[in-house]
Each structure stands twice: as C-alpha cells, then as structure tokens.
Amino acid sequence: QIKAHSRYGVEDFFEDLRTVMRRVGCDGEKITFIFDESNVLSSGFLEAMNALLASGEVPGLFESGDEYNALMNACRDSAARDGVIL
C-alpha cells in the first residue's frame, strides 16, 4: 500500500507504480497494489489508475527510452529464466 503524505505528488506515485511493475514483471512477485480514496491527492492519480485498468499501461510512465529498454531487457531475461519464449 502506498503511503501518501502531504508532499506526496504525482511523480512519487509514478515512481511507486514503476517499482510495483518492475517487481511484478521482472521479479515475478505476486503483489496486491492497494489504492483507496485516501491516496487520491490529485486527479493525476485517478487518470493513471484509470489508464492502467483500461489498457494495462500508464502513458509516459517509462518516459526515457533507456529506462524502457532496460525494463524490457530485464523482463526478457526473467522470461528466459522461467522458460517463457517472447
């Protein structure tokens, strides 16, 4: 569960989403992401969650090409270790 505080902003939320997605996608962890109305500090939070639920991705979450490529390589490595062909 995220721990929202007075200085917690959209970038902090995006970083938490990136961390969760890396842990699930690359490390194979089974995670429940708890997000309730007390965590909604801006409309950006709702927009990101709506996009994630509707399409499975959050536009701009992995903005840097290098960051995205590193994530894809880590996922490929994890899939290869698990015997999954991509």
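Residues numbered from 1 in each chain as written. Predicted model: local features only at pLDDT ≥ 70, side-chain atom pairs only at ≥ 80, totals over all residues. Heavy atoms only, no water.

Thoughts on the packing of aromatic side chains
Put simply, the rule reads: Centres within 6.5 Å are what make two rings of Phe, Tyr or Trp a pair, Trp counting through its six-membered ring; a difference in plane orientation under 30 degrees is then read as stacked, over 60 as edge-to-face, and the rest as tilted. In DSSP terms, a helix is any run of H or I states spanning at least four residues, a strand is any run of E spanning at least two, and both are numbered starting from the N terminus. For each residue, the accessible area found with a 1.4 Å probe, counting protein chains only, is set against the maximum for its type, and the residue is called buried under 20%, exposed over 50%, and partly exposed in between.
Scanning the entire structure with this criterion turns up 3 aromatic pairs. The interplanar angle of 45° and the centroid separation of 6.4 Å between the aromatic rings of phenylalanine 13 and phenylalanine 33 together place this pair among those described as tilted. Here phenylalanine 13 is found in helix H1 (residues 10-25), whereas its partner phenylalanine 33 is found in the loop between H1 and helix H2 (43-55), with 20 residues between them in sequence. Its relative accessible area of 24% is what places phenylalanine 33 among the partly exposed residues. Here the aromatic rings of phenylalanine 13 and phenylalanine 45 are separated by 4.7 Å at their centres, their planes lie at 5°, and the arrangement is stacked. Of this pair, phenylalanine 13 sits in helix H1 while phenylalanine 45 sits in helix H2, placing them 32 residues apart in sequence. Both residues of the pair, phenylalanine 13 and phenylalanine 45, belong to the buried class. Every member of this aromatic cluster is reached through a ring pair, and the members are Tyr8, Phe13, Phe33 and Phe45.

Some thoughts on the side chain of serine 78
Which entries qualify depends on this criterion: The criterion used for residue contact is that any of the two residues' heavy atoms lie within 4.5 Å.
When you line up the elements, serine 78 lands in helix H3 (residues 65-81). Serine 78 sits in the buried class, given a relative accessible area of 7%. Discounting chain neighbours no more than four positions away, the residues touching serine 78 are Gly25 and Cys26.

Let's talk about the environment of isoleucine 85
When you line up the elements, isoleucine 85 lands in the segment after H3. The exposure class assigned to isoleucine 85 is exposed, which follows from its relative accessible area of 82%. Considered as a pair, isoleucine 85 and leucine 53 are 32 residues apart in the sequence and their alpha carbons are 26 Å apart.

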